[in-house]
Amino acid sequence: MAARQLLLRRLALAARWRRGYSSAGAAEYLHRSIVPTMHYQKSLPRLPVPKLEDTIRRYLNAQKPLLNDDQFRKTEELAHHFEKGIGRELHEQLVAQDNQNKHTSYITGPWFDMYLKSREPVVLNFNAFMSFNPDPKSEYNDQLIRATNMTFSALRFMKTFRAGYLEPEVFHLNPEKSDTQMFKKIIRFVPSSLSWFGAYMVNAYPLDMSQYFRLFNSTRLPKLNKDELYTDEKAKHLLVLRNGNFYVFDVIDRDGNILKPSEIQAHLKYILSNNSPAPAFPLGYLSSENRDTWALLRKHLLDNGNEEALQKVDSAVFCLSLDDFPVKDFVHLSHTMLHGDGANRWYDKSFNLIITKDGTAGINFEHSWGDGVAVLRFQNEVFKDSTKTPAISPQSQPASVDSSRAVQKLDFKLNDALKAGITKAKQKFDASVEALSLNMIQFHEGGKDLLKQKKLSPDAVAQLAFQMAFFRQYNQTVATYESCSTAAFKHGRTETIRPASIHTKKCSEAFVGELSKHSTEELQKLIAECSKYHGRLTKEAAMGQGFDRHLFGLRYLALSKGIALPDFYQDQAYARLNHNIISTSTLVSPAVQLGGFGPVVSDGFGVGYQVHDDWIGCNVSSYPTRNGKEFLQSIYKSLEDIFNVLKGKKISS
């Protein structure tokens, strides 16, 4: 009898749960995955610590194209001395330490420290942007409609993730087998401690999702010497910035439900029609300051009676920035999303969702808490949900609610020291932005389809074009960085691919200065060698077998134990390799129009690029020491030459 009652109770609960999900509850979630979101997390493989001899070999391979023979001999000698001596000791200590911390990866702590201890402003130095494609239905690109729909979709993403209903992030090599309902129905019953192995058996690779919780209610707090990451999942309000003014209103009710779309629309309409003047001293500039300067000013803010207002900013679900101007072109779009005017952003939030007057949307995200994999998943889901199942339409009317009571405008008490601090922050911000150039090209004479027909890696060809372009412009090969995700491992972050190689150098020399000496077939062969080598580097990096993070971890360990910095790290060649003059990152997504970031060094280029089926897009940032426009023209010429050679055409220098 008791067993029967228990069964009936469970069936009733299941029916109630299904009713809740299928009717009112369905509006709260994007979807309900039958495999729990974090199902694979426990069994993810650990990021390997590479063998020291492999790291040294890869390091020397990366140095070869950058050094002359004498410089290379010296660097090689220091590297082998390090490998046999102090480097070996540090490596053994790192492996032992890693074995004692099996819940995480060897790079997690050092990488967080690298970001959080940096005292440089986050804007232009760390924060990156990705802009959304426009809504395919043009009438939905109205600022109020798009802001409402994207906010509602973002909240649905948050609730779906927190409920464990979000589809786990999985890289499918054979989707016909692994990305099926049948496989999901089976794998959900495999214990979490073994589930990764079940996916691996069908060529599917679950990815780490430990960063996702920081997407919401999270902020980087400025502290002296080292910042802190702060998350408060209990907070229910949204932060909205418009005209440099700060507004908050609850988007989650006391029962944990998302506010009705029509009410979100009403509150956003109220903010958009609010005629409050821009503040004389906009607080947003402070989040663009040097981190120690900002930490001291934040203490002044707290001491001056702003604790409650700052708490509202820090704990908000996310920051929605509504700009009062339309976007003119792609260059203006890049400037708007990468830095904006400084007053209408809070760069410390995990992300700012930015929507301009004409409904152009993008995300500017703070980088210490996570990487592009988490942000891109969020962006893809929000774009898909807000365009395919929008919460409101152009015909929707805002709810009849008293927004003047629901929306709170935050007022900050500023003394003379704070006003002076904001003024100085604005001056620095304006000077930095004034010095920054952003340029872009679209190359329409070929893309991924043609390259794959020729059995070449599209990414390798893009990277070769950058190497060739720099060689054409400056007659040298320099340190180059390409970001590669290591999310296939527990708490993986990124590894560096080093695209500048002896192969790209040889190929660049042939195309730029020795065309007459090579036939079209020989040039094709040189391109193929570059592609093959780059493919190997990419595979190694994705499998945690690069050399940069390993060497970084060993250096961090030496410094943390008070060991004198080994000569290997004091080699000028090591410093030059880590002075990344060409810093690159790529992504292609149906949700994303373009992405970009600032140069990582003052004499460098920041290159965001996308290789599409039949065209290639490239966005370049630079400071006055480099000419980004000329570099882009050189990239275009390099792509043109490469594709013409691949098509069997003869080219001229």
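Residues numbered from 1 in each chain as written. Predicted model: local features only at pLDDT ≥ 70, side-chain atom pairs only at ≥ 80, totals over all residues. Heavy atoms only, no water.

Quick word on the pattern of salt bridges
The criterion, for reference: For salt bridges, the criterion is a side-chain nitrogen of Lys or Arg within 4 Å of an Asp or Glu carboxyl oxygen. Segments assigned H or I by DSSP are reported as helices when at least four residues long, segments assigned E as strands when at least two residues long, and all are numbered from the N terminus. Working definition: with a 1.4 Å probe on protein chains only, accessible area under 20% of the residue-type maximum means buried, over 50% means exposed, and in between means partly exposed.
Overall, the coordinates contain 34 salt bridges when judged by the stated rule. The partner of Arg 119 in a salt bridge is Asp 227, with the nearest N and O atoms 3.0 Å apart. Of this pair, Arg 119 sits in the loop between helix 5 (108-117) and strand 1 (128-132) while Asp 227 sits in the loop between strand 4 (218-221) and strand 5 (228-231), and the two are 108 residues apart along the sequence. The residues Arg 119 and Asp 227 share a single accessibility class, namely buried. Ionic pairing is found between Lys 428 and Glu 289, a salt bridge with its closest N-O pair at 3.0 Å. Here Lys 428 is found in helix 16 (residues 416-435), whereas its partner Glu 289 is found in the loop between helix 10 (261-273) and helix 11 (291-303), with 139 residues between them in sequence.

As for helix 6 (residues 143-162)
Applied cut-off: Expected span of a helix, by definition, is 1.5 Å for each gap between consecutive residues, and there is one gap fewer than residues. Contacts described as polar in this section are N or O atom pairs within 3.5 Å, which, within protein, must combine one atom able to donate a hydrogen with one able to accept it, while residues neighboring in sequence count only if both atoms come from side chains.
Across its 20 residues, helix 6 extends 28 Å between first and last C-alpha, which sits within 8% of the 28 Å expected from 1.5 Å per residue. Most of helix 6 sits out of view: 19 of its 20 residues are buried. Where helix 6 begins, the side chain of Asp 142 points an oxygen toward the backbone nitrogen of Leu 144, at a separation of 3.0 Å. Within two residues after helix 6, Gly 164 carries a phi angle of roughly 80°, on the positive side.

Comments concerning unusual backbone geometry
Its identity is not glycine, yet Asn 203 carries a phi of approximately 65°, on the positive side. With respect to the helices, strands and loops of the structure, Asn 203 is situated in the loop between helix 9 (195-200) and strand 3 (204-206). Although it is not a glycine, Asn 217 adopts a positive phi angle of roughly 55°. Along the chain, Asn 217 falls in the loop between strand 3 and strand 4. What makes Asn 217 buried here is its relative accessible area of 0%.

Details of the packing of helix 2 (residues 52-63) against helix 21 (residues 548-560)
Keep this limit in mind: Comment: axis = line fitted to C-alpha atoms, over the contacting stretch for helices; angle = value between 0 and 180 degrees taken between N-to-C directions. When an angle is under 35 degrees it counts as roughly parallel; over 145 it counts as roughly antiparallel; between 65 and 115 it counts as roughly perpendicular; any other value is oblique. Definitions for this section: a left-handed crossing has its near helix turned counterclockwise from the far helix by less than a right angle. A right-handed crossing has that turn clockwise. Whether two residues are in contact is decided by their heavy atoms: any pair within 4.5 Å suffices. Note on residue classes: Ala, Val, Leu, Ile, Met, Phe, Trp, Tyr, Cys and Pro are nonpolar, Asp, Glu, Lys and Arg are charged, and everything else, Gly too, is polar.
Packing of helix 2 against helix 21 brings their axes to within 9 Å, and their N-to-C directions diverge by 115°. Compared by their axis directions, helix 2 and helix 21 come out roughly perpendicular. Between helix 2 and helix 21 lies a crossing of left-handed hand. Residues Leu 52, Thr 55 and Tyr 59 of helix 2 touch helix 21, and the partners they reach there are His 550, Leu 551 and Leu 554. When grouped by side-chain class, the residues that make up the contact of helix 2 with helix 21 number four nonpolar, two polar and no charged.

From the geometry alone we can't say anything about function, so treat these as descriptive.
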